[in-house]
Amino acid sequence: MAMTPETSKPRDFWERLQAIDRRVLYTLLLAVITLPLFKPIRLPMVTMPSTQKLYQAIESVPQGGFAIVSATWSGGTRAENMPQTEAILRHLMKRKLRVAIFSFDQQGSQFSYNIASRLAKEYGYEYGRDWVHWGYRPIVGVVLKSLVRDIPSTFATDRDGKPTKDMPVMKGIKDIKNVDVIVEIAASGIYMDWIGLVVGANPNLKFGFCPTAVMAPETYPYMDSGQIVGIMEGMRGAAEYEKLVNTTGLATKGMGSISLAHVLIMVLIIIGNLGYLATRARGG
Amino acid sequence: MLEPIVRFFAPKPLSVLPYYVAGAVLFSILVVILLINLPSRARKPLIAIVTFLAGLFYAAEFFWPIDKATNKNFLTDYLVPASKLGSLLGGMTLTLGILSLLRVHGRNIVRLRSGWYNSLALLTAMVAMVIFGLIDNYGTNATAKKVFNVLFEGMLINMDATMFSLIAFYIVSASYRAFRIRSIEATILMITAFLVMLGQVPIGNALTDWLPKDGWIASLRVENIKQWILSQVNAAALRAIAFGLGVGGLAISLRIWLSLERGAYFEKEI
């Protein structure tokens, strides 16, 4: 039987392989995450079909179309969700679409506003004319049910409390049928609420989802069914998207760190199992 | 019919707002006193009635046919006021949470219990965020706004990120210690996990980058293997789980809506 690394002292090499000190593991992880940020590693990047589909969906919206971006994330997942938000907003502004942003998370509201304000300057977007930020909105189900039927009432004021009804960006926007594309950037399973309450209400609506990588696998059935047009999977998806919109952002820069961290985990699992199998073979 | 209610809950000018706020506070206190003094035997029926009516509103609004011209039914206009009511209820639960925190941690500080300084830090942070948050929203003091910025963007957001990033270190340690191929199933799981992990990062793509991008042999590229696992094997399993969850969720919703749910909280004396 294998020994328990934390409770008994390793006896030989194979047992020591199973009991590397956690401080060594932490130091190794810290090193593989930080070093590539200072010394970037060039690696081939293949665009996944899920990312390509999201890109194509936004490409297919005519200029002046109306896009809603929901940024339901907070500081905890900023490494993944921030580059995703930036890549999506960059694409929407490049395509000259009208953009409305809001968030079901207070931090996400602030983050998305900061990102959009910065990109708006870059793309000559004027607040109120080309884009608007509806701010933080609590209670997902109620907001989504309400926006399907009546967008001006649901988002009567922007994040600063200014009325939105006279803003040029909202011209002609009454309900979900006037919306061309919705992108939810989230660290949670909120896509289910969008699919359940909003997506079916407009057959022409394109709904894209940008989850953290750990959330991505559970969303695949909905992309198969067409309810989600495309998925940007975590930081890797954001890096692919940055490539599609011809920019180099945080996600692209972070791919070396992510790669090495994955490799480190695999190597450590293999080392632990080598020790385990050798110990078991000896009848230990 | 419900038009006066909608008008009543519409935004009010600043001149009359204090009266509405004072009235709302008085009304809330009255309701709370009434609820506290309600006989025990009347509490459960009251909860059942309120739950049923609230559920009925959303169900009726969803299923009732809409007028093609207006794209609404007779309940649609009340969705927004209903959402405001939901926000109000959320606000009340927040108040309860704050009161509970003040009581528990205030007692820790007053009695100088072990770790009382942690309680002090918590309450100080909470009060500071409330005060500077309110000033940021409604005030004009530039210094206070800067302080809020430091508290929110400088501290809260970064502490949140720090807490979350610690998970990476635990994952490395836990996967190394716990992931042992003790059976065939565990071996299959590990191989699958490795393929998905390699397919997820560019370094994995580099391993099979020498293979052609088209033709049947392209299926052996690690990113394509990962894609196949996710879109075929994983999606099929998740579809089955989601279906089961959906049916179960519907049954539980109906049981709660009709106050048929039993066990745990639902049978507690209130």
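Residues numbered from 1 in each chain as written. Chains lettered and ligands numbered in written order. Predicted model: local features only at pLDDT ≥ 70, side-chain atom pairs only at ≥ 80, totals over all residues.

## Observations concerning the overall build of chain A
Line of reasoning, step 1. Scanning chain A from N- to C-terminus turns up 11 helices and six strands.
Line of reasoning, step 2. Taken along the three principal axes of its C-alpha coordinates, chain A extends 75 × 40 × 35 Å.
Line of reasoning, step 3. For chain A, the share of sequence-separated contacts (at least 6 apart) that also reach a separation of at least 24 residues comes to 73%. (Helix = DSSP H or I, 4+ residues; strand = E, 2+ residues; numbered from the N terminus. Contact = placed C-beta atoms within 7 Å.)

## What about the domain arrangement of chain B?
Line of reasoning, step 1. According to the domain assignment, chain B contains domain 1 (14-52), domain 2 (114-178) and domain 3 (180-257).
Line of reasoning, step 2. Computed from C-alpha coordinates alone, the two centres of domain 2 of chain B and domain 3 of chain B are separated by 36 Å. (Domains from an automatic or database assignment.)

## Things to note about the domain arrangement of chain A
Line of reasoning, step 1. If you check the domain split of chain A, you get domain 1 (14-43 + 256-281) and domain 2 (49-247).
Line of reasoning, step 2. For domain 1 of chain A versus domain 2 of chain A, the distance between C-alpha centres works out to 37 Å.

## Comments concerning the pairing of strand β4 (residues 181-186) of chain A
As a general feature of sheets, a regular strand has side chains that alternate between the two faces.
All names here are of chain A.
Line of reasoning, step 1. Of all six residues in β4, six are buried; the element is thus mostly enclosed.
Line of reasoning, step 2. With burial as the criterion, each face of β4 is covered, one bearing V181, V183 and I185 and the other bearing I182, E184 and A186.
Line of reasoning, step 3. Of the pairings in the sheet, the one linking strand β1 (residues 66-72) to β4 comprises six bridges and is parallel in character. Looking across to β4, one finds that S70 is bridged to E184.
Line of reasoning, step 4. Relative to strand β5 (residues 206-211), β4 runs parallel, the two being bridged by six bridges. Paired with E184 across the bridge in β5 is F209.
Line of reasoning, step 5. Taken together, β4, helix α8 (residues 191-197) and β5 form a β-α-β motif whose crossover is right-handed. (Buried ≥ 20, exposed ≤ 12 C-beta atoms within 10 Å, placed from the backbone. Pairing = 2+ DSSP bridges. Right-handed = clockwise from strand over helix to strand, strands pointing away.)

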